[in-house]
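Each chain is listed here by its residues.
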Amino acid sequence: MGFDLSKVDFETLRGVNLQEVDPDTLVDIREIMIDPKLPKEQRTAEFVRQVKNPYCFRVGKVVVSVGFAENGTTFEEQMARYLETL
């Protein structure tokens, strides 16, 4: 059974206050491993499962907060671009 993205509360994840988050609790994105042979939907679900919060994570010691403009690309589009690079 796979990870169910429909059960993820993205609004809550998006609302995490970067000033209040403990960097040691964040996932280092460099440690995420995803099978590139999986279909896009499964790669996306696997990324979210592993990163825990796609809006707030680490790259080494750097904390990253991700946001999107109202009229910009969608999360799904950005995630697809990222997953294509894996």
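Computed from a predicted structure; not experimentally measured.

Colleague: If you had to explain the confidence of the model for the protein to someone new, which residues and values would you point to?
Modeller: Summarising the model, the protein shows a mean pLDDT of 88, and 98% of its residues fall at 70 or more. Considering each helix and strand of the protein separately, the mean pLDDT is smallest for helix α3 (residues 75-84), with a value of 79, and largest for strand β1 (residues 56-59), with 94.

Colleague: Report on the packing of aromatic side chains, specifying residues and quantitative values.
Modeller: A complete count under the given rule lists two aromatic pairs for this structure. With 6.5 Å between their ring centres and 80 degrees between their planes, F10 and Y55 make a pair best called edge-to-face. One end of the pair, F10, is in helix α1 (residues 10-14); the other, Y55, is in the loop between α2 (40-51) and β1, and 45 residues separate them in sequence. Here F10 matches Y55 in class, with each residue buried.

Colleague: Could you give an account of α3, naming the residues involved and the relevant values?
Modeller: Residues F75, M79, A80 and L83 constitute the buried set of α3. The buried side chains of α3 occupy one side of the element, clustering within an arc of 130 degrees when seen end-on. Buried-residue contacts for α3 involve α1 and α2.

Colleague: Please set out α2 residue by residue, giving values where relevant.
Modeller: Here α2 is 12 residues long and its end C-alpha atoms lie 16 Å apart, about the 16 Å a rise of 1.5 Å per residue gives. Those residues of α2 lying buried are R43, T44, A45, E46, F47, V48, Q50 and V51. Packed against the buried residues of α2 are α1, β1 and α3. With its phi angle positive at about 70 degrees, K52 sits one or two positions after the end of α2.

Colleague: I'd like a description of the pattern of salt bridges, backed by residues and values.
Modeller: Inspection of the entire model under this criterion finds three salt bridges. Two residues, R30 and D28, come together in a salt bridge whose shortest N-O distance is 2.8 Å. Residue classification places R30 among the exposed residues on the basis of a relative accessible area of 58%. Take D28: its relative accessible area is 3%, and that puts it in the buried class. Between E46 and R49 there is a salt bridge; the shortest N-O distance is 2.4 Å. With E46 and R49 both in helix α2, this residue pair falls three residues apart, about one helical turn.

Criteria and thresholds
- Residues numbered from 1 in each chain as written.
- Predicted model: local features only at pLDDT ≥ 70, side-chain atom pairs only at ≥ 80, totals over all residues.
- Heavy atoms only, no water.
- pLDDT = per-residue confidence, 0-100.
- Helix = DSSP H or I, 4+ residues; strand = E, 2+ residues; numbered from the N terminus.
- Phe/Tyr/Trp six-rings, centres within 6.5 Å; stacked < 30°, edge-to-face > 60°.
- Buried < 20%, exposed > 50% of the residue type's maximum accessible area, 1.4 Å probe, protein only.
- Arc of directions from axis to C-beta.
- Contact = heavy atoms within 4.5 Å.
- Expected span 1.5 Å × (residues − 1).
- Salt bridge = Lys/Arg side-chain N within 4 Å of Asp/Glu carboxyl O.

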